[in-house]
Each structure stands twice: as structure tokens, then as C-alpha cells.
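Chain residues, written in single-letter form:
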Amino acid sequence: METKAWAIAHPSLALIKYWGKQDTQLNLPATTSLAVSLNELSSKVEVCLSDRDRVILDGKEQAPERYSLFLDNIRSVLKTDHHYDIMALNDFPGSAGLASSSSGFAALTAACAALSGQEVLPPDLSSMARLGSASAARSIFGGFTLLPAGSSAARPLYDHHYWPELRVLICLVDEGPKMLSSRSAMERSRNTSPYYDAWIKDAQTVSDEAVRALEQKDLERLGSLMRLSYQRMFATMFSADPPIIYWKPGSLALIHLAQELRTQGIGIWETMDAGPQVKYFCLDQDTKRIKALIEARFPEMKVLVSRPGPGVSYGTGKLSL
Ligand code: PMV
């Protein structure tokens, strides 16, 4: 029997956002999300059998409570009573609104499955990963994925070769850890924002239209729907009690820069998650010019460029972390 297994997954960046839970216990999303995996960012996980669960993430031991429900479910699905010694590393800032929980939990799920020696089908991996973080259900598949409202697993729409010209520029406004977890922020939005019901009511139309725009590779249509989605998601946070404000001055400056470039005819569309970072979607042909403009205006800002990436890969034995 194997005693060690590994997995690598890429973060799943939502074009259309999941925000709020239909079922908190089961971690079922209240809105449909549409996402792309980011090839140039990854989380690596190595798992060993142990007599107790222990998680070391980027060199720091984590509070066991964050993992206990997730790992108990893994044991129940894999019909095992093993415990795990887990070593996880992100090659990008974690807990900073860059979807590190999506890639981290997807990799962890796949590594535990590999260690069990059982063949677990991707929809089952996706469902197991969801209990760690709903966006992790999407990271299992990679490429372009859909996680329908109320669903236990994500669905692959197109693989990462589907739109080779698409690029995502990740602008690191602030690399520090976020002030509030997305889990707490979405619960507060649900419980206290008077706009939360309107967000839920409207979200399905936006995601249905975005799926059609993606089918046609219509960046302008898709981009304007992406903008509606993240702005309406933030409206539930700004109106929560107390309000949640992840944005920093640099975030707003980048939103304005995208607006300015669009008036010059450049196809650039931004989105944001539970953190201050701004992610631009554009085409390969415009990437150099946009990156140079960002660097000229914000000389201190780090910008990562990514293409669509694949789903989780995993195996047994040791991975060089
Ligand atoms: O899956 P979580 O709990 O990390 O929440 C993700 C929330 C957003 O990133 C804001 C949106 C999304 O769909 O990924």
C-alpha cells in the first residue's frame, strides 16, 4: 500500500461569481459561477499517512477546525479511517483573493484519492473538494467550468485549449492576507445586506448569458457580464452591516484604467474577488501593451500573466516541493 501521494491544481478564477450559500452545512453555492483555471499559478500538495491530521500550508501549521469536516468527508467517501500529514505550497500569495483555496482543496482532494489507491471519478472528486471550498469543485476540471447554483459538483464546459488567445493579467495591489475570509464575508452579506436577495434573483440570467458569450468567444459581451457580476457581488458587501470593503485605492485606480483603455478601443475587462487584487481579461495581442501601461502608471505593482490552465494532476509517491 502507498504511504505518500501528491497533486497539483490551478486556481479557478470566476468570471461570473458564486457569492452566498444555498446550504451552509453542505457548502452548496447560491449562485451559478463560471470560471477559468489559471495555468501560471499553482498549488502543490503532498499527503502522507499519519496517526493524526496535520496541515502545513506555506510553512505554517493550520488550525485543524478549517479542515476537519472536509477530511472527515474524504474518509467517509473513501471508506477509510486514515489520518493525513499534509504539506501544501502555493507559488503565489495565499489568502489574498487569488483563489488559493480553490487550487489548494482541489489538490488536497486528489492527493487523498490517489493515496487511497481507488479510482475516483472527476465529478466525485469535484463534489468532495466542494466541502473544502465551493470554488475548489471547479479547479478539479480546469479549463472553463460551470458550478450551477445548488450543485454538489462542477461541470467542465471547455478544456484549456478552447480559447488559446485569452489572457488573464493578475495585478497584485496588496499581497497581505485578506481582512476577512470569503466564507465569513458571504455569510455576512447574506444575513445583513438588503441587496442580497436582488443579487440572487438576478444572478442566473447573468450566468446564462455569459455561457452564451463564452460559447461565441465574444470578449466584449462576456466582459460586460463579468463586470456586472463582480460589481453586484460587491454591492452586497458594501451594503452589509458592518460593511465589507476589500478594495484599496490601487484597486479603484485599476478599474478606472480598464475603463480608460476600453474607450481607446482595447478589449480589457476586469474582475475582483474577496480581496484587493484586480484581474484583467484580454487577448494575447493586447497583453504586452496593457502590461507596459500598468507598469508605467504603477511602477511598484507586480503583474502576473496567465493562460487558461488544465485540471488537477495527481499520483502516488513523492513530489519535489
Ligand atoms: O470558494 P470560496 O469559499 O473561496 O469563495 C469564492 C468566492 C469568490 O472567489 C469571490 C467567487 C468565486 O466564484 O470564486
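As shown above, the structure is provided for reference.
Predicted, not measured: the structure shown is a model, and the values here were computed from it.

Section: empty space enclosed by the protein
Link 1 in the chain: One pass over the structure, following the stated rule, counts 1 cavity of 30 Å³ or more.
Link 2 in the chain: Estimated volume of the largest cavity: approximately 50 Å³.
Link 3 in the chain: Lining the largest cavity, in full, are Ile16, Lys17, Thr32, Trp199, Asp202, Ala203, Val206, Leu228, Ser229 and Arg232.
Link 4 in the chain: At 4 residues, the largest contribution of residues to the lining of the largest cavity is made by helix α6 (residues 196-215).
Link 5 in the chain: When grouped by side-chain class, the residues that make up the lining of the largest cavity number 5 nonpolar, 2 polar and 3 charged.

A word on unusual backbone geometry
Link 1 in the chain: Residues Asp241 and Pro242 are joined by a peptide bond in cis, for which omega reads -5°.
Link 2 in the chain: Assignment of secondary structure puts Pro242 in the loop between α7 (219-238) and α8 (249-263).
Link 3 in the chain: Within the chain, Lys79 stands out as a residue other than glycine whose phi angle is a positive 50°.
Link 4 in the chain: Within the secondary structure, Lys79 sits in the loop between α1 (65-78) and β9 (83-90).

Things to note about the site of the ligand
Link 1 in the chain: Not every one of the 14 residues close to the ligand is listed here, only the nearest: Tyr18, Ser133, Ser135, Arg138 and Asp273.
Link 2 in the chain: At 2.9 Å from an oxygen atom of the ligand is found a side-chain nitrogen or oxygen belonging to Ser133.
Link 3 in the chain: In isolation the ligand offers 380 Å² of accessible surface; the protein chains occlude 94% of this area.
Link 4 in the chain: Class assignment of the residues belonging to the shell around the ligand gives a composition of 6 nonpolar, 5 polar and 3 charged.

Focus: the pairing of β9
Link 1 in the chain: Burial along β9 is one-sided: Tyr84, Ile86, Ala88 and Asn90 are buried, and none of His83, Asp85, Met87 and Leu89, which face the opposite way, are.
Link 2 in the chain: Bridge count for strand β6 (residues 43-50) against β9 is 8 bridges, and the pairing is antiparallel. Residue pairing across strands places Val45 opposite Ala88, the latter belonging to β9.
Link 3 in the chain: For strand β7 (residues 54-57) and β9, the ladder comprises 4 bridges, and the chain directions are parallel. Looking at β9, one finds that Arg54 is bridged to Asp85.

Things to note about the layout of surface pockets
Link 1 in the chain: Empty space within the largest pocket amounts to approximately 890 Å³.
Link 2 in the chain: Arg66, Ser101, Ser133, Lys178 and Ser182 are, among the 42 residues lining the largest pocket, the residues nearest its centre.
Link 3 in the chain: Those elements that provide at least two residues to the lining of the largest pocket are β2 (12-16), β7, α1, β9, α2 (100-116) and α5 (182-192).
Link 4 in the chain: Among the elements that line the lining of the largest pocket, the one with the most residues is α2, at 5 residues.
Link 5 in the chain: Within the lining of the largest pocket, the residues separate by chemical class into 21 nonpolar, 14 polar and 7 charged.

Quick notes on the pattern of salt bridges
Link 1 in the chain: Considering all chains together, one arrives at 16 salt bridges under this definition.
Link 2 in the chain: The partner of Arg75 in a salt bridge is Asp72, and the shortest N-O contact between them spans 3.0 Å. Of this pair, Arg75 and Asp72 both sit in helix α1, 3 residues apart, which is roughly one turn of the helix.
Link 3 in the chain: Put simply, Glu295 and Lys291 hold a salt bridge, and the shortest N to O gap is 3.1 Å. One end of the pair, Glu295, and the other, Lys291, are both in helix α9 (residues 284-297), 4 residues apart, so they sit about a helical turn from each other.
Link 4 in the chain: Accessibility expressed as a relative area gives 36% for Glu295, which makes it partly exposed.
Link 5 in the chain: A network of salt bridges, in which partner residues are shared, links Lys17, Asp273 and Lys279.

Some points on the nonpolar core
Link 1 in the chain: Of all hydrophobic cores here, the largest spans 72 residues; its most connected members are Tyr280 and Ile294.
Link 2 in the chain: Top element by residues in this core is α2. It accounts for 10 residues.
Link 3 in the chain: In this structure, Ile294 is in contact with Leu169, Cys171, Leu254, Leu257, Tyr280, Met301 and Val303, ignoring residues within four places of it in sequence.
Link 4 in the chain: Counting 27 residues, the second-largest nonpolar core is a separate cluster that includes Leu13, Leu172, Leu214 and Leu225.

Reading the values: rules and limits
Residues numbered from 1 in each chain as written. Predicted model: local features only at pLDDT ≥ 70, side-chain atom pairs only at ≥ 80, totals over all residues. Heavy atoms only, no water. 1 Å grid on protein atoms, 1.4 Å probe; cavity = no way out; pocket = protein on both sides within 12 Å on 5 of 7 lines; lining within 4 Å. Points joined across faces, edges and corners; volume = space filled by probe spheres on them. Helix = DSSP H or I, 4+ residues; strand = E, 2+ residues; numbered from the N terminus. Nonpolar A, V, L, I, M, F, W, Y, C, P; charged D, E, K, R; others polar. Near = heavy atom within 4 Å. Polar contact = N/O pair within 3.5 Å; in protein donor to acceptor, adjacent residues only side chain to side chain. Areas by Shrake-Rupley, 256 points an atom, 1.4 Å probe, with all protein chains shown as cover. Buried < 20%, exposed > 50% of the residue type's maximum accessible area, 1.4 Å probe, protein only. Pairing = 2+ DSSP bridges. Salt bridge = Lys/Arg side-chain N within 4 Å of Asp/Glu carboxyl O. Core = buried A, V, L, I, M, F, W, Y, C linked by side-chain atoms within 4.5 Å. Contact = heavy atoms within 4.5 Å.

The values are spatial; any link to function lies outside them.
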